[in-house]
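Inside the fold
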Amino acid sequence: MLFRYQRGYVYLTGKKVKVWYGMFREDVRTPEGQVRRRQRHVRLGTRGELPTRSAARSRLAEFFRSSTPTTEMNFRELVERWQKAVGPTMKTTTLRHYRNALRAYVLPTFADRKIANINREDIQALLAAQAKKYSRSALRSMRVVLSLTLGWASDCGWLEKNPCTRIKLPQQTGGRMVTRTILTTKQVIAIAAELEEPYATLVLFLATSGLRIGEAIAIKWSDFDGNEIRISRRICGGDVDSVKTESSVRRLPVDSALVSRMRKLGTTDWVFCSREGTPVNPGNALKRYVRPTAAKLGILLGGWHDFRHTLTTTMRRSGVHPKVISGILGHSRVDLAMNVYDHPDVEDFKQPLSLVAEDLLRNVTKNEAAG
């Protein structure tokens, strides 16, 4: 027979090893803010650890002191509420990326877990397990979407704090690492010469404009004003959307010879289109045409972004001001191009190091001669 006490009940059970358990009622909050009570069972310890009923009651009292009202909600329900409330504030492509990260990486582990029971150790264990299979960028997506959802739960008052704050990623990761190649002018020309249209002209356009591939395939003839083009949209996952940020809306000059070549591609509204008149599919074009052509020429191509990285590095070597480079690329921060897109190599190091070495060795030679 179980007796009810205001501060819970303790009982001893077990055949070979006697174990103390405690039973008490705690307050839980519903997502709507209402508070209700539920019965909870906890393991207190063995009889060897807690020899008397009084010791067991003292251990149970520790649970009361550390117990705070929690929200009765699992992670799947939190995600559904977050998508419904916060989703409309995001760009379609951004929300799709977060949904994919949740579906593929996070929900298989945390879907049925109570959000109040998800702690830092659980999140770090998930990232450590996923690091064996996925790249650092994939792990970063997992951390971001966990921080967004659990942080929103904290803002709503369903969690005391966000357990994902300041969590570091594992150093060793698996997955595929994308290696960016800084192409020479001869390599770009060789790739374009081997490709059929419209992919040859698309490669030349990317190499001379630095546009993201989604921006390039979303270009329409109505965006042109003479030889100037206005960048205001992109295509991602087959959907037409606005560009990433306000800084990405920009006007760029296009060489007249390249404009003439682009006009020969066809008369549809989309500049770079398939035989059906729809915008080029960048994934298919890269896989079926551009990468095989580059491989045949002995060029390791990481992807479409290689042309954007190449232009950034070329402009920096030519002495173009970082703010101008940032404006051409449509970045919201001036330092982004220098930190991510620029790729200095040994040729960039020769001149500054040779100047230092020349001055130093000249003085050493003079001192030796004087001695």
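Structure first, text after, so check above.
The notes below deal with the structure included here. Please read these numbers as outputs of a predicted model, since none were measured by experiment.

1. Things to note about the packing of aromatic side chains
Within the structure shown, the criterion is met by nine aromatic pairs. A centroid spacing of 4.4 Å and a plane angle of 20° characterise the contact between Tyr-199 and Tyr-289, whose relative ring orientation is stacked. Here the residue Tyr-199 occupies a position in helix H7 (residues 199-209), and Tyr-289 occupies one in helix H10 (residues 282-296), the gap between them amounting to 90 residues. Here Tyr-199 and Tyr-289 have matching classes, each one buried. Three or more aromatic residues joined by ring pairs make a cluster, and in this case those are Tyr-9, Tyr-11 and Tyr-21. In this structure, Lys-220 packs its charged tip against the face of Trp-270, placed 4.6 Å from the ring centre.

2. Some details on the sheet that holds strand S6 (residues 228-231)
Each strand in a sheet pairs with another by means of backbone hydrogen bonds, the pair being arranged parallel or else antiparallel. Reading across from one edge, S5-S6-S9 is the order of the three strands in this open sheet, with antiparallel pairing throughout. Each edge of the open sheet carries a strand with a single partner, namely strand S5 (224-225) and strand S9 (250-253). Relative to S9, S6 runs antiparallel, the two being bridged by four bridges. By the bridge assignment for S9, Arg-230 is matched with Arg-251.

3. Some points on the state of the cysteines
All chains considered together, the criterion is met by zero disulfides. Here Cys-164 is not disulfide-linked; the sulfur of Cys-156 is the nearest cysteine sulfur, at 17 Å. No disulfide involves Cys-273; its sulfur sits 20 Å from that of Cys-236, the nearest cysteine. Taking relative accessible area as the criterion, Cys-273 reaches 15% and is therefore assigned buried.

4. Focus: the packing of helix H2 (residues 75-86) against helix H5 (residues 136-155)
Close contact between H2 and H5 brings their axes to 10 Å; oriented N to C, the two are set at 90°. Between H2 and H5, the crossing angle belongs to the class labelled roughly perpendicular. Residues Phe-75, Leu-78, Arg-81, Trp-82, Ala-85 and Val-86 of H2 touch H5, and the partners they reach there are Leu-146, Leu-148, Thr-149, Leu-150, Trp-152 and Ala-153. Taken together, the residues that form the contact of H2 with H5 break down as ten nonpolar, one polar and one charged.

Reading the values: rules and limits
- Residues numbered from 1 in each chain as written.
- Predicted model: local features only at pLDDT ≥ 70, side-chain atom pairs only at ≥ 80, totals over all residues.
- Heavy atoms only, no water.
- Phe/Tyr/Trp six-rings, centres within 6.5 Å; stacked < 30°, edge-to-face > 60°.
- Helix = DSSP H or I, 4+ residues; strand = E, 2+ residues; numbered from the N terminus.
- Buried < 20%, exposed > 50% of the residue type's maximum accessible area, 1.4 Å probe, protein only.
- Lys NZ or Arg CZ within 6 Å of the ring centre and 35° of its normal.
- Pairing = 2+ DSSP bridges.
- Disulfide = S-S within 2.5 Å.
- Axes fitted to C-alpha atoms, helices over the stretch in contact; angles between N-to-C directions.
- Parallel < 35°, antiparallel > 145°, perpendicular 65-115°, else oblique.
- Contact = heavy atoms within 4.5 Å.
- Nonpolar A, V, L, I, M, F, W, Y, C, P; charged D, E, K, R; others polar.

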